[in-house]
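Letter by letter, the chains look like this.
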Amino acid sequence: MLTAVTTALDSEDAALIVPVRVRDLLPQDLPACSWSGSGTHLRQVERELVRVAAGEVDYLAVCTPMDLPVAIGGIDYQVREKAGTLWQLAVLPALQSCGLGTLLIRAAEQRIRNHGLRRAELAVEEDNPRARALYERLGYVAYGREPDAWDEEGPDGVILRHETICVLMRRDL
């Protein structure tokens, strides 16, 4: 898939158009994805990539013409029956609000349909209204809440458990 992301520059009345494409995330991409999380997070992504061969997950990357990932995210087909669950969605912070998240989600939804499923689901932290607004704009509807937790690596390398409440959202495809 080849598309373009357009953004206005802050100091000028100009636009920058950059072609991007969506492809499978590969293990060799992970060093270029340090913006998406800590080393602990990237090791988790690497473990998830092993599940791709079994058809349990897909992991996508939106890439620049230099083939550098600027948005990544996974689809897990094992979490909920008859649904693909989007997770670990991330966009390079400097390029947020440029359409990359929308492109990534739409590509993930197509993968879910290609997998023979007709529903996409995701969970978003309650204290992340920006992401929730994107999902709502794309047609996702809240249907519940549940606790979630994962390990996070601090700047000092110490692993801490992050506990949160997530809003569960879904969209029929």
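Our subject is the structure listed above.
Just so we're clear, the structure is a prediction, and the values are computed from it rather than from any experiment.

**Observations concerning the overall build of the protein**
Line of reasoning, step 1. Counting its secondary structure elements, the protein contains three helices and eight strands.
Line of reasoning, step 2. Written out in order from the N terminus, the α and β elements of the protein read β-β-α-β-β-β-α-β-α-β-β.
Line of reasoning, step 3. A compact globule built from 173 residues would reach a C-alpha radius of gyration of about 16 Å, and the protein, at 16 Å, matches this within 12%.
Line of reasoning, step 4. With the C-alpha coordinates aligned to their principal axes, the bounding extent of the protein is approximately 45 × 40 × 35 Å.
Line of reasoning, step 5. Across the protein, the 19 positively charged side chains and the 26 negatively charged ones have centroids separated by 7 Å.

**Remarks on helix α2 (residues 100–114)**
Line of reasoning, step 1. Taking 1.5 Å of rise per residue, the 15 residues of α2 would be expected to cover 21 Å, and the 21 Å separating its terminal C-alpha atoms lies within 8% of that figure.
Line of reasoning, step 2. Along α2, the residues classified as buried are Leu100, Gly101, Leu103, Leu104, Ile105, Ala107, Ala108, Glu109 and Ile112.
Line of reasoning, step 3. Following α2 by one or two positions, Gly116 has its phi on the positive side, about 85°.

**Re helix α1 (residues 39–50)**
Line of reasoning, step 1. Taking 1.5 Å per residue, 12 residues should reach 16 Å; α1 reaches 17 Å between its end C-alpha atoms and fits that length.
Line of reasoning, step 2. Looking only at α1, the buried set comprises Thr40, Leu42, Val45, Glu48 and Leu49.
Line of reasoning, step 3. The secondary structure elements touched by the buried residues of α1 are β3 (57–63), β5 (84–91), β7 (141–153) and β8 (159–172).

**Focus: the pattern of salt bridges**
Line of reasoning, step 1. Per the stated rule, a full pass over the model turns up 17 salt bridges.
Line of reasoning, step 2. Ionic pairing is found between Arg80 and Glu121, a salt bridge with its closest N-O pair at 2.9 Å. With Arg80 in the loop between β4 (69–76) and β5 and Glu121 in strand β6 (residues 119–125), this pair connects stretches of sequence that are 41 residues apart.
Line of reasoning, step 3. Overall, Glu121 belongs to the buried group, its relative accessible area being 3%.
Line of reasoning, step 4. Between Arg145 and Glu126 there is a salt bridge, and its shortest N-O distance comes to 2.4 Å.

**Re the side chain of Thr85**
Line of reasoning, step 1. Within the secondary structure layout, Thr85 lies in strand β5.
Line of reasoning, step 2. The buried category is assigned to Thr85, whose relative accessible area is 11%.
Line of reasoning, step 3. Excluding residues that lie within four positions of it along the chain, Thr85 makes contacts with Gly74, Ile75, Asp76, Val79, Arg80 and Glu121.

**Some points on the environment of Val124**
Line of reasoning, step 1. Relative to the helices and strands, Val124 is located in strand β6.
Line of reasoning, step 2. Separated by 24 residues in the primary sequence, Val124 and Asp148 have C-alpha atoms spaced 9.9 Å apart.
Line of reasoning, step 3. Look past the residues within four positions of Val124 in its chain and what remains in contact with it is Ala131, Arg132, Tyr135, Ile165, Cys166, Val167 and Met169.

**Description of the packing of α2 against helix α3 (residues 129–137)**
Line of reasoning, step 1. Put simply, α2 and α3 touch, their axes get as near as 11 Å, and they point 50° apart. Here α2 lies oblique to α3, going by the angle between them. Viewed along their axes, α2 and α3 form a crossing whose handedness is right-handed. Residues Gly101, Thr102 and Ile105 of α2 form the contact with α3, whose own contacting residues are Leu134, Tyr135 and Arg137.
Line of reasoning, step 2. Across the contact of α2 with α3, the residue classes break down as three nonpolar, two polar and one charged.

**Brief notes about unusual backbone geometry**
Comment: phi is negative for the bulk of residues other than glycine, and the bulk of peptide bonds are trans.
Line of reasoning, step 1. Within the chain, Lys82 stands out as a residue other than glycine whose phi angle is a positive 65°.
Line of reasoning, step 2. Among the secondary structure elements, Lys82 is positioned in the loop between β4 and β5.
Line of reasoning, step 3. Residue classification places Lys82 among the exposed positions, given a relative accessible area of 59%.
Line of reasoning, step 4. The phi angle at Gln88 is positive, at roughly 55°, despite the residue not being glycine.

Calculation notes
- Residues numbered from 1 in each chain as written.
- Predicted model: local features only at pLDDT ≥ 70, side-chain atom pairs only at ≥ 80, totals over all residues.
- Heavy atoms only, no water.
- Helix = DSSP H or I, 4+ residues; strand = E, 2+ residues; numbered from the N terminus.
- Rg over C-alpha atoms; globule rule 2.2 N^0.38 Å.
- Lys, Arg positive; Asp, Glu negative; His and termini not counted.
- Charge placed at Lys NZ, Arg CZ, Asp CG, Glu CD.
- Expected span 1.5 Å × (residues − 1).
- Buried < 20%, exposed > 50% of the residue type's maximum accessible area, 1.4 Å probe, protein only.
- Contact = heavy atoms within 4.5 Å.
- Salt bridge = Lys/Arg side-chain N within 4 Å of Asp/Glu carboxyl O.
- Axes fitted to C-alpha atoms, helices over the stretch in contact; angles between N-to-C directions.
- Parallel < 35°, antiparallel > 145°, perpendicular 65-115°, else oblique.
- Left-handed = near helix turned anticlockwise from the far one by under 90°.
- Nonpolar A, V, L, I, M, F, W, Y, C, P; charged D, E, K, R; others polar.

In short, geometric facts, not functional conclusions.
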